[in-house]
Amino acid sequence: MDYSTPAIKNILLLDSEGKRVAVKYFDHEDWPNITTQTAFEKSVFTKTSRTAARGEAEIGMFDGYIVVYKFIADLHFYVTGGDDENELILVTVLQAFFDAVSLLLRSQVEKKTVLENLDLVLLTLDEIVDGGIVLETDSTIIAGRVAMRGADSDIPLSEQTISQAFANAKEQLARSLLK
Amino acid sequence: MALVNPRDKKDEDRDDETEYSPFFGIEKGAVLQEARVFNDPQLDTRRCQQVITKLLYLLNQGESFTKTEATEVFFATTKLFQSKDIALRRMVYLMIKEITPSADEVIIVTSSLMKDMNSKTDLYRANAIRVLCRIIDGGLLGQIERYLKQAVVDKNPIVASAALVSGIHLLKNNPEIVKRWSNEVQEAVNSKAPLVQFHALALLHQIRQNDRLAVSKLVTSLTRGNVRSPLAQCLLIRYTVQVIHEASGISSSGGERPFYEFLEGCLRHKAEMVIFEAARAITQLEGVTSRELTPAITVLQLFLSSSKPVLRFAAVRTLNKVAMTHPLAVTNCNIDMESLISDQNRSIATLAITTLLKTGNESSVDRLMKQITNFMSDIADEFKITVVEAIRSLCLKFPQKYRTLMNFLSNILREEGGFEYKKAIVDSILILIREIPDAKESGLSHLCEFIEDCEFTYLSTQILHLLGNEGPKTADPSKYIRYIYNRVILENATVRASAVSALAKFGAMVDFLQPRIMVLLRRCLHDNDDEVRDRATLYLQVLGDTKDIAPDGAAAFLSETLNVPLANLEASLKAYEPSEKPFNIAAVSKEAKPLTIAEKKKEKKAQREAAATGAHANGVAPAVSTSSYENLLNAIPEFASIGKLFKSSKPVQLTEEETEYAVNVVKHTYPAHVVFQFNATNTIQEQLLENVEVVMDTSLADEFEEVASIPLKSLPYGSPGQTFVLLAKPEGAVALGKFGNVLKFKVKEVDPASGEPDEEGYEDEYALEDVEVTIGDYIQRTSVSNFRNSWEALDPGLEKVDEYGLGPRESLQEAVKAVINTLGMQPVEGTDQVPSNARSHTALLAGTFIGNVPVLARLSFGIDAQKQVAMKLAVRSEDESVSELIQDIIASS
């Protein structure tokens, strides 16, 4: 039995051909370099690409890891944990990633918009997990932190109402789109 | 990067959408050039942000920067701290983390980051903490420690979490600093913010994990209070299990398990994550009782019919593990499990099938196999392999079902499949052939058919080798010749060569086939491959084209094994240079090389898994180890003339685990001898032991007489060595006795710096615990395919029956296990598993007594309300005295 803190091994966002859109590896012992990483991505992609993971998140055990995944449009979201990990913790992280990206991209979740807003997606990865440890699982809070809501006003983030936060997020987004 | 409103863009570009990417044609050199804008006196913040995104994109795609490139980018990035733009600052934080500056570069950004760490804006503070802690070294950490300590108890969760998570990372390299924050972290555990509570609990546990009392206190206080965050609750469950585990050695076995009530309470938590964590924890408790298991199994059963695949998977995977140790506890879920066979998710379906195979009883095997046949056609090879392995262990559990299962294996062997899958099937058939004597002939003919159309050279050669060894011993050896010779005609050179070897073995062992085999072998002399021709020539010589080798000499030559580890032989052959001096195989080292650390890890894991698989693997493991012992012993000239090894015992420890010299003994029983193999390990780095031997005191065992003692020349630190003692006893007699042992050796001090031992040494000795030869050493575990038939075939007149009271026992299962271990016989038909709550149980055992006398035993157990266990033991064998001896084992223990 393992008494340790739940650990996320990696988070992957691949396109419909299995190519990288954005990835983050937290375990550098299991995947020390780009070769091992792409091999893992390829293996996971071929084993999952034909499954229907468009409604509920799906799950599988590949190469000794537990992988939870969810697809939308031409994007494939994956979260990987060790073979002893609580599956439901992994899926919570997957859902948080998925929802935060949806919020930030205003439900336009497809490869094109993700690439156009890659900075937001990379920041989302940074706000969900830090060095393998789950940092936050509430997608609204994550989206707010990515947009740095509250940094330029006196109202601290925690005291904003949801609608305020959302209005702010929208404004921020519009600004970034008009660059 | 042309960023346009995605909606508008979408309509215009629909046609070339697949081509479109803002990073199309991106190139590292150009982006690095672009990064010069970071140095502009008038910063264009949008542009800078875009360039950072491009750099991060390149890194993310696996592009790497050279040392100079990274340094340049890093220095340029630090300039961006001048800008007050919030979004740009956030990207700068990320960029610094991704580029991980070297120690001497860090100093450039520390002041900027420390300023941000003291900013009024919480988001800046949180990010600055995370970045600083990621790149800082121990020395600088002292300077900012004060701020971090405050941040831990900050009222904004983002700041507190950033400090706590950074603390968890810092603990690895700077534990002494982080440990000073204990009070603050303790305060943060009570935070209202769920994630802060989670991070604080994780850090607090890591700070105190080696202090049992502190962990226990932590768990005691938190299990009473209320933990808000589901993640923190999961942690608490893990730590509770740790406390239970560590306390299990101390507390008495009876009564309620401490904290069990808390775990059970978590099964009613509102978060599924917590419910599952608790259920999983309960199933993994050491020595969990069926009463404790029930509530956990019930919630897992509910998960089985959830609409969420992740829940179904988690539940079925946990139940699959429970089925290995408590198959009966899982049977309630069988109906839900059967409906999962058609689950869309094939991982879930495979786990369901293998669980059913583990929990199934004899009567359900046929029905189950029918369902599996449909299932096999539409899953991937890796799942099929898991199923094949489950079927193999099922077959070992119910040997009388071998016909159904063997047919199933041969059917799937004929279907399409990759190498790993086919190999798993062939391996399973090979194991079944070895373990179930009745299955041998049908298994061999299935394999013969398979090699007629086998595309894998490795499998063909393996099967041909087996045919050569086993075929001649069957009732009708000639029927295999055709299959083997077909290989010589049709296959590639490697397979042809193995086929020639297999043929030669038939020629050597079956007299009446010899002339015909010689004809076939002569045809091979014209083969166009060197190896095939060479082998044919060699075998023709050996088999008697020249009559000067005796026929059994030929058989011995052909079936002899090399007795040296192949890796060593390979190394020696590589080192050999062609010269006048012929290669001498006797010079090859016979000691297996010590495992590398990675291999050891693997082995440990395999052992753990084997232990978890428990009873069912039992049938397989001993056979393997006995044969490896046999190879080891045959290699020693002194043991050449003592006949065939009858049984090797399990290793028995003769010293405490953590002593200077760790010694265990394996007893090898022969018809008229017993060999004691002492495995010694020297755990003192500064010592080299020489002339190590064990002196055995035979004065208390008159029937034994020492014949030879084989000392070990040298025993360096850390690599185990063996020394042997050979005792003679009257042939066939069941001689028993107890021996005192002393380890004698010469100690030489080793200079730790140079690793060179001293010239001078001194004699020393070390007392070991006694070794006993018991009746169990004369009984081999064997399995029978149909206990009833075998039982009835033995004369009831020679049956010995007696009844025993076994006294109070923890459970019936425990009593059954203890008796089986004492007798050293093989439980058959899965009767070593006692249904939970059963008041009585019958176990069936089979074995072979020395002198090849088959023995069967029927054990009837009963348990009363006071947990008093009574047992009736009926033994049958061809030899009345053997039956009596078996009764004596129980009577005397």
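Placed above this text is the structure.
Residues numbered from 1 in each chain as written. Chains lettered and ligands numbered in written order. Predicted model: local features only at pLDDT ≥ 70, side-chain atom pairs only at ≥ 80, totals over all residues. Heavy atoms only, no water.

Some remarks on the overall build of chain B
Turning to step 1, where the next piece is worked out: If you tally the helices and strands in chain B, you get 38 helices and 16 strands.
Turning to step 2, where the next piece is worked out: When the 893 residues of chain B are sorted by exposure, 51% land in the buried category.
Turning to step 3, where the next piece is worked out: In chain B, of all internal contacts separated by at least 6 residues, the share reaching a separation of at least 24 is 64%.
Turning to step 4, where the next piece is worked out: In the form shown here, chain B has an accessible surface area of approximately 43000 Å², with 50% of it arising from carbon and sulfur atoms. (Helix = DSSP H or I, 4+ residues; strand = E, 2+ residues; numbered from the N terminus. Buried < 20%, exposed > 50% of the residue type's maximum accessible area, 1.4 Å probe, protein only. Contact = heavy atoms within 4.5 Å. Areas by Shrake-Rupley, 256 points an atom, 1.4 Å probe, with all protein chains shown as cover.)

Here we look at the interface of chain B and chain A
Turning to step 1, where the next piece is worked out: Counting residues at the interface gives 72 residues for chain B and 61 residues for chain A.
Turning to step 2, where the next piece is worked out: Summed over both sides, the interface between chain B and chain A buries roughly 6300 Å², with carbon and sulfur atoms accounting for 59% of that surface.
Turning to step 3, where the next piece is worked out: Remark: the boundary between chain B and chain A carries 10 salt bridges.
Turning to step 4, where the next piece is worked out: Among the salt bridges present, the one from D126(A) reaches R90(B), with a minimum N-O distance of 2.7 Å.
Turning to step 5, where the next piece is worked out: Counting across the chain B and chain A interface gives 22 residue pairs in polar contact (both at pLDDT 80 or more).
Turning to step 6, where the next piece is worked out: It is helix α14 (residues 230-247) of chain B that provides the largest number of residues to the side of chain B that touches chain A, a total of eight residues.
Turning to step 7, where the next piece is worked out: For the side of chain B that touches chain A, the per-class residue count stands at 34 nonpolar, 19 polar and 19 charged. (Buried area = accessible area lost by both parts, 1.4 Å probe. Salt bridge = Lys/Arg side-chain N within 4 Å of Asp/Glu carboxyl O. Polar contact = N/O pair within 3.5 Å; in protein donor to acceptor, adjacent residues only side chain to side chain. Nonpolar A, V, L, I, M, F, W, Y, C, P; charged D, E, K, R; others polar.)

Here we look at the sheet that holds strand β7 (residues 712-715) of chain B
Residue and element names in this part refer to chain B.
Turning to step 1, where the next piece is worked out: Pairing within the open sheet is antiparallel, and its four strands lie in the order β7-β5-β9-β10. Taken across any chain shown, the strands that pair with only one partner, and hence form the sheet edges, are β7 and β10 (762-773). Averaged over all pairs of adjacent strands, the angle between strand axes in this sheet comes to 30 degrees, irrespective of strand direction.
Turning to step 2, where the next piece is worked out: Pairing analysis gives nine bridges linking strand β5 (residues 687-697) to strand β9 (residues 737-749), with the strands arranged antiparallel. (Pairing = 2+ DSSP bridges. Axes fitted to C-alpha atoms, helices over the stretch in contact; angles between N-to-C directions.)

Regarding the packing of helix α3 (residues 45-60) of chain B against helix α5 (residues 86-99) of chain B
Residue and element names in this part refer to chain B.
Turning to step 1, where the next piece is worked out: Relative orientation of the contacting elements α3 and α5 amounts to 30 degrees, with a least axis distance of 10 Å. As judged from the angle between their axes, α3 and α5 are roughly parallel. Read as a crossing pair, α3 and α5 show a hand that is left-handed. Residues T45, C48, Q49, I52, T53, L55, L56 and L59 of α3 touch α5, and the partners they reach there are A87, L88, M91, V92, L94, M95 and E98.
Turning to step 2, where the next piece is worked out: Across the contact of α3 with α5, the residue classes tally to 11 nonpolar, three polar and one charged. (Parallel < 35°, antiparallel > 145°, perpendicular 65-115°, else oblique. Left-handed = near helix turned anticlockwise from the far one by under 90°.)

Looking at the nonpolar core
Turning to step 1, where the next piece is worked out: Counting residues in each nonpolar core, the largest one holds 253 residues, and the members touching the most others are I11(A), F38(B) and M376(B).
Turning to step 2, where the next piece is worked out: By residue number, the principal contributor to this core is helix α2 (residues 87-104) of chain A, which donates 12 residues.
Turning to step 3, where the next piece is worked out: Filtering out sequence-adjacent residues up to four positions away, M376(B) remains in contact with K384(B), V387(B), V388(B), F408(B), I412(B) and Y421(B).
Turning to step 4, where the next piece is worked out: One finds F676(B), A701(B), L823(B) and V882(B) within the second-largest nonpolar core, a separate group that totals 62 residues. (Core = buried A, V, L, I, M, F, W, Y, C linked by side-chain atoms within 4.5 Å.)

Some words on helix α11 (residues 182-189) of chain B
Residue and element names in this part refer to chain B.
Turning to step 1, where the next piece is worked out: Residues S182, E184, V185, A188 and V189 constitute the buried set of α11. On an axial view of α11, the arc spanned by its buried residues comes to 165 degrees, and they lie on one face. Turned more than 90 degrees away from the buried face of α11 sit N183 and E187, all of them exposed.
Turning to step 2, where the next piece is worked out: Among the structural elements, α8 (138-152), α9 (157-170), α10 (175-179), α12 (194-208) and α13 (212-224) are those in contact with the buried residues of α11. (Arc of directions from axis to C-beta.)

Focus on a nonpolar patch on the surface
Residues and elements named next belong to chain B.
Turning to step 1, where the next piece is worked out: Nonpolar side chains collect at one region of the surface, where F75, I107 and I108 lie side by side and expose about 250 Å² of accessible area between them.
Turning to step 2, where the next piece is worked out: With respect to the element layout, I108 can be found in helix α6 (residues 103-117).
Turning to step 3, where the next piece is worked out: Owing to a relative accessible area of 36%, I108 belongs among the partly exposed residues under this scheme. (Patch = residues over 30% accessible without salt bridge, like charges linked within 9 Å, V, L, I, M, F, W, Y side chains within 5 Å.)

As for unusual backbone geometry
Turning to step 1, where the next piece is worked out: Of note in the backbone geometry, S107(A) takes a positive phi value of approximately 65 degrees without being a glycine.
Turning to step 2, where the next piece is worked out: Although it is not a glycine, F259(B) adopts a positive phi angle of roughly 70 degrees.
Turning to step 3, where the next piece is worked out: One can find F259(B) in the loop between α14 and α15 (260-266).

Things to note about the packing of helix α4 (residues 118-128) of chain A against α3(B)
Turning to step 1, where the next piece is worked out: Packing of α4(A) against α3(B) brings their axes to within 9 Å, and their N-to-C directions diverge by 60 degrees. With respect to each other, α4(A) and α3(B) are oriented oblique. Between α4(A) and α3(B) lies a crossing of left-handed hand. Facing α4(A), whose interface residues are L118(A), D119(A) and L122(A), α3(B) presents Q49(B), T53(B), L56(B), Y57(B) and N60(B).
Turning to step 2, where the next piece is worked out: A breakdown of the residues in the contact of α4(A) with α3(B) according to their chemical character gives four nonpolar, three polar and one charged.

Observations concerning the pairing of strand β15 (residues 853-863) of chain B
Residue and element names in this part refer to chain B.
Turning to step 1, where the next piece is worked out: In terms of strand pairing, strand β14 (residues 840-849) meets β15 through 10 bridges, oriented antiparallel. Bridge pairing links A843 to L859 in β15.
Turning to step 2, where the next piece is worked out: Between β14 and β15, which pair antiparallel one after the other, the connecting turn spans three residues, and G851 there sits at a positive phi close to 90 degrees.
Turning to step 3, where the next piece is worked out: The turn linking β15 back onto strand β16 (residues 868-877) is made up of four residues, and K867 within it adopts a positive phi angle of 65 degrees.

Remarks on the packing of aromatic side chains
Turning to step 1, where the next piece is worked out: This structure, assessed with the given rule, holds 20 aromatic pairs over all chains.
Turning to step 2, where the next piece is worked out: Centre to centre, the rings of F419(B) and Y458(B) are 5.8 Å apart; their planes meet at 80 degrees, and the pair counts as edge-to-face. Of the two residues, F419(B) sits in helix α25 (residues 419-435) while Y458(B) sits in helix α27 (residues 457-470), which places them 39 residues apart along the sequence.
Turning to step 3, where the next piece is worked out: For Y458(B), a relative accessible area of 43% corresponds to the partly exposed category.
Turning to step 4, where the next piece is worked out: Members of the aromatic cluster, connected to one another through ring pairs, are Y25(A), W31(A), F40(A) and Y65(A).
Turning to step 5, where the next piece is worked out: In this structure, K70(A) packs its charged tip against the face of F98(A), placed 4.9 Å from the ring centre.
Turning to step 6, where the next piece is worked out: When the ring centre of Y124(B) is taken as reference, the NZ or CZ atom of R89(B) above it lies at 5.3 Å. (Phe/Tyr/Trp six-rings, centres within 6.5 Å; stacked < 30°, edge-to-face > 60°. Lys NZ or Arg CZ within 6 Å of the ring centre and 35° of its normal.)

Examining the pattern of salt bridges
All names here are of chain A.
Turning to step 1, where the next piece is worked out: Applying the stated rule across the entire model yields 49 salt bridges over all chains.
Turning to step 2, where the next piece is worked out: Between K19 and E17 there is a salt bridge, with the nearest N and O atoms lying 2.8 Å from each other.
Turning to step 3, where the next piece is worked out: K19 gets classed as partly exposed once you look at its relative accessible area, which sits at 48%.
Turning to step 4, where the next piece is worked out: Between K47 and D63 there is a salt bridge; the shortest N-O distance is 3.2 Å. Of this pair, K47 sits in helix α1 (residues 34-48) while D63 is found in the loop between β3 (58-62) and β4 (65-72), placing the two residues 16 residues apart along the sequence.
Turning to step 5, where the next piece is worked out: With a relative accessible area of 44%, D63 lands in the partly exposed category.

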